[in-house]
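Breakdown of the fold
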Amino acid sequence: MTRKIKNVLITGGAGFIGANFINYLFNKSATGSKEFMDSGFTGNVVNVDCLTYAGNPYNLTEVDKEFGGKRYFFEKIDICDRAQIERIFKQYDIDTVVHFAAESHVDRSILGPEAFIKTNVMGTYTLLDVARKYWNVSLDNPRDDVLFHHISTDEVYGSLGETGYFTETTPYDPRSPYSSSKASSDHIVMAYFHTYGLPITLSNCTNNYGPYQFPEKLIPLMVTNMKEGKNLPVYGEGKNIRDWIYVEDHNRAVWQIVNSGKTGEKYNIGGENEWQNVKLLDKLIELTSSEAGLDENKVRKTIVHVKDRPGHDARYAIDCSKIKNELKWERKMTFEQGLKMTVKWYLENKAWIDNIKSGDYLNWIEKNYSAR
């Protein structure tokens, strides 16, 4: 079944993955690669984001310029604000929710878990409950013309050994306040399906990379530090393994689920592309040195091993055969191609990086969005 989507609410749409998703819906690509821009969407998008440190409306400049006030609408709102979320549903007659909004950085969750519980757990609950009541859905009154899609992470599954993969039936075993809060939200989403009949789908994705990612994350951090001649910090021995997927491939998968996924089902989204952190850094040094004209050997001498993160999961790896077999999704971007494009984007968008690192983007947001 292909759903008819008219008015979609996207939460956290000014963040890394959310902004790329909205750009995808409107056929915009930060890297100029149009081969992935195939959403076919003609409806309206309402972007709800409270613009915490990782939210940046600049990421959606082209969309806002062309579609703002016509098919694209931005609302500076906290998803925990029930009254405002109720207004959004009524004002825009929302029929689909794609829920990206989350506090997502593991290190920050270790230092301050409360914000993660508030946004990831209570925020998700608020959205679910408003959707259930606005759509007037129940086990006795089922609907197939509305949908709540929840974006989650492979971190809810815990850590793998040297072999094996996470599947949709892998037991949850979160190890950090971040992953625990996401695991909680996943369970609440499923509970609303089983208890109230709310039409939901859920996806758990592995590590994303691409343009507009906040510079504290591994790939943009390493690229920008190399360019600025700073040290390259590596947790422990750097042997932790992650599976990487290009952000537009992830967003195409999400859109595939939203349009034709089976209600009440969850889908794992993976890159089938495992890298040890130290080996990924080695590749980044090679690409960045080449693109930026740096001395590769000199750059390698700036690697610094730092104290390992508490509860640092050893390995993530996703089995995404379900979405490939049932929904016919497949990755289009090779890692070599995607990583090269990503490195080039961060090197060519120094102003974007500088505005974030200096905090100037927060002043711009305060000036332009405080009254919204």
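Just above sits the structure.
Residues numbered from 1 in each chain as written. Predicted model: local features only at pLDDT ≥ 70, side-chain atom pairs only at ≥ 80, totals over all residues. Heavy atoms only, no water.

Section: the overall build of the protein chain
Looking only at helices and strands, the protein chain has 14 helices and 12 strands in total. Relative to its length of 372 residues, the protein chain is compact, with a C-alpha radius of gyration of 20 Å against a globular reference of 21 Å. By principal-axis analysis of the C-alpha atoms, the protein chain measures approximately 65 × 45 × 40 Å. Within the protein chain, residue pairs in contact and separated by at least 24 positions form 83% of the contacts whose partners lie at least 6 positions apart. Summed over all atoms, the accessible surface of the protein chain reaches about 16,000 Å², with 49% contributed by carbon and sulfur. One finds the centroid of the 46 positive side-chain charges in the protein chain at a distance of 2 Å from the centroid of its 49 negative side-chain charges. (Helix = DSSP H or I, 4+ residues; strand = E, 2+ residues; numbered from the N terminus. Rg over C-alpha atoms; globule rule 2.2 N^0.38 Å. Contact = heavy atoms within 4.5 Å. Areas by Shrake-Rupley, 256 points an atom, 1.4 Å probe, with all protein chains shown as cover. Lys, Arg positive; Asp, Glu negative; His and termini not counted. Charge placed at Lys NZ, Arg CZ, Asp CG, Glu CD.)

Quick look at the side chain of serine 181
By the element assignment, serine 181 lies in helix H6 (residues 177-196). Classification of serine 181 as buried rests on a relative accessible area of 0%. Leaving out residues up to four positions away in the same chain, serine 181 has contacts with Phe116, Ile117, Asn120 and Val121. (Buried < 20%, exposed > 50% of the residue type's maximum accessible area, 1.4 Å probe, protein only.)

Examining the pattern of salt bridges
According to the stated counting rule, one finds 23 salt bridges in the structure shown. Here glutamate 228 ties to lysine 230 by a salt bridge, and the two come within 3.1 Å at their closest N and O atoms. The class of glutamate 228 is partly exposed, set by a relative accessible area of 36%. Of the residues examined, lysine 230 reaches a relative accessible area of 42% and is grouped as partly exposed. We note a salt bridge from arginine 300 to aspartate 282, for which the minimum N-O separation is 2.2 Å. Remark: aspartate 282 occurs in helix H9 (residues 277-292) and arginine 300 occurs in helix H10 (residues 296-300); sequence separation between them is 18 residues. Here the salt bridges share partners, and the residues they tie into one network are Arg82, Glu86, Asp129, Arg132 and Lys133. (Salt bridge = Lys/Arg side-chain N within 4 Å of Asp/Glu carboxyl O.)

Digging into the packing of aromatic side chains
Across all of its chains, the model carries 22 aromatic pairs by this definition. Each ring, one from tyrosine 209 and one from tyrosine 246, has its centre 5.4 Å from the other, and the planes form 65 degrees; the classification is edge-to-face. Taken as a pair, tyrosine 209 in strand E7 (residues 207-209) and tyrosine 246 in strand E9 (residues 241-246) lie far apart in primary sequence, 37 residues in all. Judged by its relative accessible area of 1%, tyrosine 209 is buried. Stacked on the ring of tyrosine 316, the Lys or Arg arginine 242 has its end atom at 3.9 Å from the ring centre. Against the face of tyrosine 267 rests lysine 322, its NZ or CZ located 4.8 Å from the ring centre. (Phe/Tyr/Trp six-rings, centres within 6.5 Å; stacked < 30°, edge-to-face > 60°. Lys NZ or Arg CZ within 6 Å of the ring centre and 35° of its normal.)

Comments concerning the packing of helix H5 (residues 114-134) against H6
A pair of packed helices is captured by two measures, namely the crossing angle of their axes and the spacing between those axes. Across the interface, H5 lies against H6 with an axial gap of 8 Å and an inter-helix angle of 15 degrees. By the angle between their axes, H5 is roughly parallel relative to H6. Crossing of H5 over H6 shows right-handed handedness. Contact residues: H5 offers Phe116, Ile117, Asn120, Val121, Thr124, Tyr125, Leu128, Asp129 and Arg132, while H6 offers Tyr178, Ser181, Lys182, Ser184, Ser185, Ile188, Val189, Tyr192 and Tyr196. The residue inventory of the contact of H5 with H6, partitioned by class, reads 10 nonpolar, five polar and three charged. (Axes fitted to C-alpha atoms, helices over the stretch in contact; angles between N-to-C directions. Parallel < 35°, antiparallel > 145°, perpendicular 65-115°, else oblique. Left-handed = near helix turned anticlockwise from the far one by under 90°. Nonpolar A, V, L, I, M, F, W, Y, C, P; charged D, E, K, R; others polar.)

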